[in-house]
Structure formats: structure tokens, C-alpha cells
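# Close look at the chain arrangement
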Amino acid sequence: MNLAIKVFVGFLLVSGFIIAMIEVKGRKTESQPFVTAPQQVNTSKDKKLETSDLIYVAKNIDDAKSKSKELKKDILVIFGADWCGYCHKLKDETLTDGGVKVMMTQFIVLYINIDDEPRLSTELLGRRISVPQYIVMDSDSKIKNKGSGFKPPQEFVAWLAK
């Protein structure tokens, strides 16, 4: 590859990185869960809302395990970080989708900020942590499914259905 092309490609990469960092810096820095608890999800206009129509968002891992046993639902753990652009994209584009919200009623949802909970993140994910990452586990912490990276709503719903 000739030198001019290498310099141009390098310039593009650096420019993209700088733009991404500016975008991430402009976001709120306080840790916020992807969804607030509990949320009502209307699956039908005629149907009364029942307990199964609620997305329960746990406050911590103990709360998630206790609710999981009580409601006989698996736990969906979503790992993210304030500085992670794809975590914000997952939150804004995927987790706000109606189809995803309906699927999430089948789980106890727990959001873990890896910077605030490094020990728990390592315990559940191991030493190789990337974000966004998500797992489905039972109340005894047995992991049933793992996923990572941004997924558009249809792919995330398919992943949850596994």
C-alpha cells in the first residue's frame, strides 16, 4: 500500500475515534439502568395488565435471585458502562423496542455497571469482560445463555428466545 493511502487511512481512523469520544463524553455519566422497575408493558389493548406483564428490574444480584425464585423466572443480566457507546445504543435502540420489552417480561432484569461492580462482573463473566454483554441465568447462578455486542431488536428477541 502506498504511503499516501496509509496516511489517509490513519487519518480516518483517528478522526472516527475522536468523534466517538466526543459523542460519549456528551452523554450523562451517572450510572442508570436500561429500564426502570417495574415497567408495565401493554401486550394487548383489551387485556388487563397482570404480574406477567411487568418487567421487574432488580436492585442487586441478591434481589434478582430472590425474585427469580419467587416468580420462577430466569434472570437477564445486562452488563454495561457509562463510557460504552454500544451500551447506550443497545439501551436506546434495542431495549426500548416494544417486542424486546414483551420478551423481557419473562425475566428478572438486572443491569450491572462493570465499573461500579467489578468483582461481580468478573464472578459472572470471568476475566475477559467486554460490554455490552448479557447473560441469562437461573436463581442458582447457572448460566443458560451468553451474548455480547450490540444487537438490533429482532436479533435480541431471537437471542432471548434461545
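Residues numbered from 1 in each chain as written. Predicted model: local features only at pLDDT ≥ 70, side-chain atom pairs only at ≥ 80, totals over all residues. Heavy atoms only, no water.

## Things to note about the overall build of the chain
Per the secondary structure count, the chain includes six helices and six strands. Ordering the α and β elements of the chain from the N terminus gives α-β-β-α-β-α-α-β-α-β-β-α. Looking at the chain alone, contacts between residues at least 24 apart form 66% of all its contacts between residues at least 6 apart. If you sum the accessible surface of the chain, you get close to 10,100 Å²; carbon and sulfur atoms cover 55% of it. (Helix = DSSP H or I, 4+ residues; strand = E, 2+ residues; numbered from the N terminus. Contact = heavy atoms within 4.5 Å. Areas by Shrake-Rupley, 256 points an atom, 1.4 Å probe, with all protein chains shown as cover.)

## Regarding the state of the cysteines
For the structure on display, the rule yields one disulfide. Put simply, Cys 84 and Cys 87 are joined by a disulfide, and their sulfur atoms are 2.5 Å apart. Taking the torsion about the sulfur-sulfur bond, which here is approximately 85 degrees, the covalent link between Cys 84 and Cys 87 counts as right-handed. The exposure class of Cys 84 is buried, given its relative accessible area of 5%. (Disulfide = S-S within 2.5 Å. Buried < 20%, exposed > 50% of the residue type's maximum accessible area, 1.4 Å probe, protein only.)

## Quick word on the environment of Cys 84
Secondary-structure assignment places Cys 84 in the loop between strand E3 (74–80) and helix H3 (85–94). Once the C-alpha coordinates of Cys 84 and Val 131 are considered, the two residues, 47 residues apart in sequence, prove to be 7.0 Å apart. Residue contacts for Cys 84: discarding those within four places in its chain leaves Val 131 and Pro 132.

## Here we look at the environment of Phe 150
Note that Phe 150 resides in the loop between strand E6 (143–148) and helix H6 (153–161). Given the relative accessible area of 23%, Phe 150 is considered partly exposed. The spacing of Phe 150 and His 88 is 62 residues in sequence and 9.4 Å in space, taken between C-alpha atoms. If we ignore the near neighbours within four places in the chain, the residues touching Phe 150 are Tyr 86, Lys 89, Leu 90, Glu 93, Thr 94 and Pro 132.

## Considering unusual backbone geometry
With an omega dihedral of -5 degrees, the bond running from Val 131 to Pro 132 counts as a cis peptide bond. One can find Pro 132 in the loop between helix H5 (118–125) and strand E5 (133–137). Backbone geometry at Ser 141 places phi at a positive 70 degrees, although glycine is not the residue there. Within the secondary structure, Ser 141 is located in the loop between E5 and E6. Judged by its relative accessible area of 25%, Ser 141 is partly exposed.

## Points about H6
Within the sequence span of H6, burial applies to Pro 153, Phe 156, Trp 159 and Leu 160. Angular distribution of buried residues about the axis of H6 spans 125 degrees; they occupy a single face of the element. Set apart from the buried face of H6 by more than 90 degrees, the exposed residues are Gln 154 and Ala 161. Along its buried surface, H6 packs onto E3, H3, helix H4 (98–104), strand E4 (107–113), E5 and E6. (Arc of directions from axis to C-beta.)

## As for the pairing of E5
Counting buried positions along E5 gives five out of five residues, so the element sits mostly inside the fold. What you see with E5 is no split at all: Gln 133, Ile 135 and Met 137 on one side and Tyr 134 and Val 136 on the other are buried throughout. Taken together, the five bridges between E5 and E6 define a ladder with antiparallel strand orientation. Of the residues in E6, the one forming a bridge with Val 136 is Asn 145. A loop of five residues connects E5 with E6, the two strands running antiparallel in sequence, and Ser 141 in this loop sits at a positive phi of about 70 degrees. (Pairing = 2+ DSSP bridges.)

## Examining the confidence of the model for the chain
Detailed reading of the predicted model is not advised wherever pLDDT is low. Taken over all residues, the pLDDT of the chain has a mean of 79, while the share at 70 or more is 67%. Counting interchain partners and residues more than four positions distant, the pLDDT-below-50 stretch residues 20–52 has 51 contacts. (pLDDT = per-residue confidence, 0-100.)

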